[in-house]
Amino acid sequence: MKRDPIPSALDWAIVDDRERGVFRVNRRVFTDDAVFERERRQIFERCWLYAAHESELAANSSFISRVVGGLPLILNRDRGGGLHVFFNSCPHRGAMVCREPQGRARNFTCPYHGWVFSDEGRAIHRPLPESYSPACTQDESLNLRPVPRFEVFAGFIFVNYATDGPSLPDYLADAGDYLRMIAEQDEDGMVIVGGAQSYSARANWKLLQENSADGYHAETTHSTYFEYIRNREGTVRNNFGKGFGRVRNLGNGHAVSESVNGTPWGRPLARPMESFAQDIKDAMEAARLQLVARLGEERGNFICHSDRNLLIFPNLVVNDIMGLTVRTYCPVSPGYFEVNAWALAPKNEAPLLRELRLKNYLEFLGPAGFATPDDQEMLELCQRAYATARFVEWNDLSRGMLTEDAPAPAKQDELQMRTFWRRWKELMSADEKVAA
Amino acid sequence: MSAGTAARLRPEAEIASGSTHVASRAEVEDFLYHEAALLDAWKVAEWAALFTDDGEYMIPPTDDPHADPKKTLFLVYDDRHRLAERGKRLMNKAAHAEFPHSRTVHQYANVRVSEGEGGETLARCAFSVVRSKGPITETYPGHMLFRLVRIDGALRIRLKRAELALEVLRPHGKVSIIL
């Protein structure tokens, strides 16, 4: 078998010179087919990947079919409430068994030859069964194949395609507390609001991970968003041109960019803008007081007044900003990736706050928001211009590098990206698991 | 819509006297073609001026085209202020996804007109918007719902709701134009 042509150390890919404060990423990592193939094995088949939120599978017999890390899956609850995650492929001849994005089902029937699987994945019926040998009818491998591992943390369901490796809580490291900080915004938990945003970009997937918590680009890429806020409110707080907030390395490639009352937008829980109607302001204050009563002054107010862009390696973003978005993405090829994004909300949120939340989300976020399309444009401009990568070889991610160990590297620094790339290099350089 | 229904909505006497607010299909079509031409010409301020003071522009999510924007995450849910701001933003060079401006063709077909509540005219039609920018040309198909009212004799838009007939926004990736 042909060996992977990428040197295991990947030293050609990244310059990480802490002494001089220089961090460079070779643009070939965004365009190279061999890098892409290696990412599939070393990253997407080894890391914990966000698959769904528990609220999407609240009812017994509910199911979702969804592509996670490039692989089609069925996630379902059986009639007794047990959670399952299967590869969405018939063990007989491979057809995708489940073709609806979500619904209720007590069993799954493959459309090709009519094999029927129970909600626990067992093959319970095969047409014309008499011709099968006992070796086949008793063969467990002819059941729906469960994914090697899945775990739930604070309502977030993750899958892992490797049988070994750290547990989900260990993998999440210090990012776990930030997911808890999302989950505890309602005493009964959070819910994915209906209305998925399923889009794509003609760019490398890693560019979106870089972009999703990049404080440095806001003032230029999103100047028209700030103008909208100014036109609506009469004034705009724009700190993005100066250092504010902080970035934290959360371990294992995860990072957060956060600030308290530093951003120019309203937060549905709970930071009203001047232009919000009085009944909304009152409802927000009531929600804040409720949160503070439950979580305490410090944590409750921190959730209400601060913004967080949370990056969970490799491909999950949970941004708690003018809306609360859960965004995951996966490459289809080096130059094209797919995005699935949702709005998350407190389960018991008052209807007028829910409407405000959804409206507020769209002033910036999503494929028709006032900001996301411009982000997409930037990623695609990068990808198109990487055609020059043999001549213009390096991306620079050195901002704030000499002060990255200080207590609070600013949001505009690029520590969050360096954190991603260091982990990326580590995993990409690790010896490949030998296939059994 | 049957000819009989049209006659019921638009008795000749009322057309003559102007006492009805419900528009004929021909009038609605003329209005929609005008609206489409404004968008193709990037006359977005004039486009926004077609809306009533309480006018709304919205695009439901691709996975739930009949959803309620108060309960479901849409792609666009603009009140009158924001839809005007949407247009204004697109005329700024810093609206990067639309700089330089893409070329578009907004088309309406299968127009059906009926009477809505309070003298509104409901217009439902199929739409197809073709957008071309640089090397990429893409089509946004769907069904449009307009709630139209007559103010000082002229039709105005109280609601423009563009229900995309796309399962996902791929490979489009975004809706950076006004549909």
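Residues numbered from 1 in each chain as written. Chains lettered and ligands numbered in written order. Predicted model: local features only at pLDDT ≥ 70, side-chain atom pairs only at ≥ 80, totals over all residues. Heavy atoms only, no water.

(A) Local environment of the packing of helix α1 (residues 33-44) of chain A against helix α12 (residues 415-429) of chain A. All names here are of chain A. Their axes nearest at 9 Å, the elements α1 and α12 cross at an angle of 85°. Taken as axis vectors, α1 and α12 run roughly perpendicular relative to one another. Between α1 and α12, the contacting residues are Val 35, Arg 38, Glu 39, Gln 42 and Ile 43 on the first element and Trp 424, Leu 427, Met 428 and Ser 429 on the second. Among the residues forming the contact of α1 with α12, the class breakdown is 5 nonpolar, 2 polar and 2 charged. (Axes fitted to C-alpha atoms, helices over the stretch in contact; angles between N-to-C directions. Helix = DSSP H or I, 4+ residues; strand = E, 2+ residues; numbered from the N terminus. Parallel < 35°, antiparallel > 145°, perpendicular 65-115°, else oblique. Contact = heavy atoms within 4.5 Å. Nonpolar A, V, L, I, M, F, W, Y, C, P; charged D, E, K, R; others polar.)

(B) Focus on the interface of chain B and chain A. With 37 residues of chain B in contact, the opposing surface of chain A contributes 41 residues. Between chain B and chain A lies a buried interface of about 3,400 Å² when both sides are counted; carbon and sulfur atoms form 53% of it. At the boundary of chain B and chain A, one finds 7 salt bridges. Salt-bridge contacts for Asp 79 of chain B lead to Lys 359 of chain A; the nearest nitrogen and oxygen are separated by 3.8 Å. Connecting chain B to chain A are 23 residue pairs in polar contact (both at pLDDT 80 or more). Looking at which element gives the most residues to the side of chain B that touches chain A, the answer is helix α5 (residues 80-90) of chain B, with 6 residues. Its residues assigned to classes, the side of chain B that touches chain A shows 16 nonpolar, 8 polar and 13 charged. (Buried area = accessible area lost by both parts, 1.4 Å probe. Salt bridge = Lys/Arg side-chain N within 4 Å of Asp/Glu carboxyl O. Polar contact = N/O pair within 3.5 Å; in protein donor to acceptor, adjacent residues only side chain to side chain.)

(C) Representation of unusual backbone geometry in the model. Look at the link from Leu 269 of chain A to Ala 270 of chain A: it is a cis peptide, with omega at -15°. With respect to the element layout, Ala 270 of chain A can be found in the loop between β16 (254-260) and α8 (278-295). A cis amide bond links Arg 170 of chain B to the next residue, Pro 171 of chain B, at an omega of 5°. Inspection of the secondary structure puts Pro 171 of chain B in the segment after β6 (154-164). Unusually for a residue other than glycine, Leu 128 of chain A sits at a positive phi of about 50°. With respect to the element layout, Leu 128 of chain A can be found in the loop between β10 (123-125) and α2 (134-137). Its identity is not glycine, yet Trp 42 of chain B carries a phi of approximately 60°, on the positive side. Note on placement: Trp 42 of chain B falls in the loop between α3 (25-40) and α4 (44-48).

(D) Broad picture of empty space enclosed by the protein. Residues and elements named next belong to chain A. Tallied over the entire structure, the rule returns 3 cavities of 30 Å³ or more. Contributing to the lining of the largest cavity are 24 residues, with Asn 211, Ser 212, His 217, Asn 309 and Phe 364 lying nearest its centre. Those elements that provide at least two residues to the lining of the largest cavity are α5 (205-211) and α11 (372-385). Ranked by residues supplied to the lining of the largest cavity, first place goes to α11 with 3 residues. Split into classes, the residues belonging to the lining of the largest cavity amount to 10 nonpolar, 10 polar and 4 charged. (1 Å grid on protein atoms, 1.4 Å probe; cavity = no way out; pocket = protein on both sides within 12 Å on 5 of 7 lines; lining within 4 Å. Points joined across faces, edges and corners; volume = space filled by probe spheres on them.)

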